[in-house]
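Each chain, written out:
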Amino acid sequence: QTEDETMSDGFLEALQQIALERKVERDVLMDTLAMGLRSAVRRKHGSEANVDVKFDPSDGIEVHLVMEVVTEEALDNEDQELTVEEAREYIDEPEVGDMIRIPLDVKEFGRNAILTAKQVLVQGVREAERERIFNEYSKRVGEVISGTVQQVDRGNVLVNLGRAEAMLPYREQIRRERWHQGETVRGLVLEVQRESRGPQIILTRTHPDFLLRLFEQEIPEVYEGLVEIKAIAREPGWRSKVAVHSNDDRVDAVGTCVGMKGARVMAIVK
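What this report covers is the structure whose coordinates are included nearby. It should be emphasised that the depicted structure is a prediction, and the values quoted were computed from it without experimental measurement.

What counts, and where the lines are drawn
- Residues numbered from 1 in each chain as written.
- Predicted model: local features only at pLDDT ≥ 70, side-chain atom pairs only at ≥ 80, totals over all residues.
- Heavy atoms only, no water.
- Helix = DSSP H or I, 4+ residues; strand = E, 2+ residues; numbered from the N terminus.
- Buried < 20%, exposed > 50% of the residue type's maximum accessible area, 1.4 Å probe, protein only.
- Contact = heavy atoms within 4.5 Å.
- Areas by Shrake-Rupley, 256 points an atom, 1.4 Å probe, with all protein chains shown as cover.
- Salt bridge = Lys/Arg side-chain N within 4 Å of Asp/Glu carboxyl O.
- Pairing = 2+ DSSP bridges.
- Axes fitted to C-alpha atoms, helices over the stretch in contact; angles between N-to-C directions.
- Phe/Tyr/Trp six-rings, centres within 6.5 Å; stacked < 30°, edge-to-face > 60°.
- Lys NZ or Arg CZ within 6 Å of the ring centre and 35° of its normal.
- Polar contact = N/O pair within 3.5 Å; in protein donor to acceptor, adjacent residues only side chain to side chain.

## Considerations on the overall build of the protein
Part 1 of the argument: Broken down by element type, the protein carries eight helices and 11 strands.
Part 2 of the argument: Considering the protein as a whole, with its 270 residues, one finds that 39% of them fall into the buried category.
Part 3 of the argument: Sequence-distant contacts in the protein: of pairs separated by 6 or more residues, those separated by 24 or more amount to 54%.
Part 4 of the argument: For the protein, the exposed surface amounts to about 16,600 Å²; the carbon and sulfur share of it is 46%.

## What to know about the environment of V53
Part 1 of the argument: Along the chain, V53 falls in strand β1 (residues 51–56).
Part 2 of the argument: Separated by 15 residues in sequence, V53 and R38 have C-alpha atoms that sit 7.4 Å apart.

## With respect to the environment of V251
Part 1 of the argument: Looking at the secondary structure, you find V251 in the loop between β11 (239–246) and α7 (253–258).
Part 2 of the argument: Separated by 25 residues in sequence, V251 and L226 place their C-alpha atoms 7.7 Å apart.
Part 3 of the argument: If sequence neighbours within four positions are ignored, V251 has contacts with V227, S246 and T256.

## Thoughts on the pattern of salt bridges
Part 1 of the argument: Under the defined criterion, the tally for this structure stands at 18 salt bridges.
Part 2 of the argument: Among the salt bridges present, the one from R101 reaches D52, with a minimum N-O distance of 2.9 Å. Taken together, the residues span a long stretch of sequence, with R101 in strand β4 (residues 99–104) and D52 in strand β1 at a distance of 49 residues.
Part 3 of the argument: When the shortest N-O distance is used, the salt bridge between R88 and E85 registers 2.7 Å.
Part 4 of the argument: Residue classification places R88 among the partly exposed residues on the basis of a relative accessible area of 46%.
Part 5 of the argument: Judged by relative accessible area, which is 56%, E85 ranks as exposed.
Part 6 of the argument: Bridged by salt links that share partners, the residues E129, R132, E136, R140, E143 and R163 form one connected network.

## Looking at the sheet that holds strand β5 (residues 144–153)
Part 1 of the argument: Overall, mixed pairing links the five strands, which are arranged β5-β6-β7-β9-β8 in a closed barrel. On average, each strand axis in the sheet is tilted by 55° relative to the strand beside it, whichever way the strands run.
Part 2 of the argument: When β5 meets strand β6 (residues 156–160), the two strands line up antiparallel, connected through five bridges. Its bridge partner lying in β6, V149 is registered against V159.
Part 3 of the argument: Its contacts with the sheet put helix α5 (residues 208–218) on β5, β8 (184–193) and β9 (200–204), and the angle it makes with β8 is roughly 125°.

## Considerations on the pairing of β6
Part 1 of the argument: Counted along the chain from β5 to the antiparallel partner β6, the turn is two residues long, and its residue R154 has a positive phi close to 50°.
Part 2 of the argument: Where β6 lies against strand β7 (residues 165–168), four bridges are found, and the strand directions are antiparallel. Pairing of N160 across the sheet is with E165, part of β7.
Part 3 of the argument: Count of turn residues in the β6/β7 antiparallel hairpin: four residues, of which G162 carries a positive phi of about 105°.

## Here's the deal with the packing of aromatic side chains
Each aromatic ring pair is characterised by the separation of its centres together with the angle its planes make.
Part 1 of the argument: Tallied over the full model, the rule gives zero aromatic pairs.
Part 2 of the argument: Lying over the aromatic face of Y170, R175 brings its terminal NZ or CZ to 4.5 Å of the ring centre.
Part 3 of the argument: The side chain of R176 reaches across the aromatic face of W238, ending 4.6 Å from its centre.

## So, the environment of E131
Part 1 of the argument: Position of E131 among the secondary structure elements: in helix α4 (residues 110–138).
Part 2 of the argument: Put simply, E131 and R194 are 63 residues apart on the chain and 9.3 Å apart in space, counted from C-alpha to C-alpha.

## Brief notes about the side chain of T256
Part 1 of the argument: With respect to the helices and strands, T256 occurs in helix α7.
Part 2 of the argument: The class for T256 is buried, based on a relative accessible area of 11%.
Part 3 of the argument: Separated by 2.7 Å, the side chain of T256 and the backbone oxygen of D252 make a polar contact.
Part 4 of the argument: Apart from the residues lying within four places of it in its own chain, the contact partners of T256 are I219, E221, V227, V251 and R264.

## Some thoughts on unusual backbone geometry
Part 1 of the argument: Within the chain, R154 stands out as a residue other than glycine whose phi angle is a positive 50°.
Part 2 of the argument: Position of R154 relative to the elements: it lies in the loop between β5 and β6.
Part 3 of the argument: In this structure R154 comes out as exposed when scored by relative accessible area, which is 78%.
Part 4 of the argument: In this structure, K261 is a non-glycine residue whose phi angle is positive, near 55°.
Part 5 of the argument: Here K261 lies in the loop between α7 and α8 (263–269).
Part 6 of the argument: On the basis of relative accessibility, which here comes to 84%, the residue K261 falls in the exposed class.

See below:
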């Protein structure tokens, strides 16, 4: 392989690897890489240059400068135009108005330009990942999720969710609880905020809906709708009152929620 073929293949291999590791759509990565390569070419060939980037599974990356043939008198933008005489370097019989595609070797951009393209790619992947996390967890507002305590900072708990991080603010915690690094914590997704450093997932353990979701998880009749929770009042960590109603005359709403010897409700209390 020639040096430029190796470099081109390296880009595509890196692209495939990032797509696999980050679970980001390959088309998004392609668009981001193309943006980075255009930026690299313009650093060398002019800030207004028309740059066409194509990805071919067999040929790798193809980069062309696209320029219009004009008369010498009409030459106005050297980044986008060239004269008939200059065009003869690329085609035999150029005419005014022709669009010339000038192939470029990826290697000619130089090390710094390639690094620029990679940086744009990494930034684009990061933005795509942030957008994916925001969209995923926005749909999970009101759902109970589990994570691991990563850090406790001034009472606020940073929770590791695996591919994302969440915050359990002090105001959303039960006062008697004390969290330590490595512990498992469950909370209700309260909201997802867009911030410059990425989406901020806010958890709560004090909201009445957290108790509602626990009832749904522990008591099949509530999950299936046979027993309906009409209202919940909480003093988080101390006591709660739950109003229940049976939609089936054969099902005792209170007894179903309490369970044999209080087993079901004690599981929720715990």
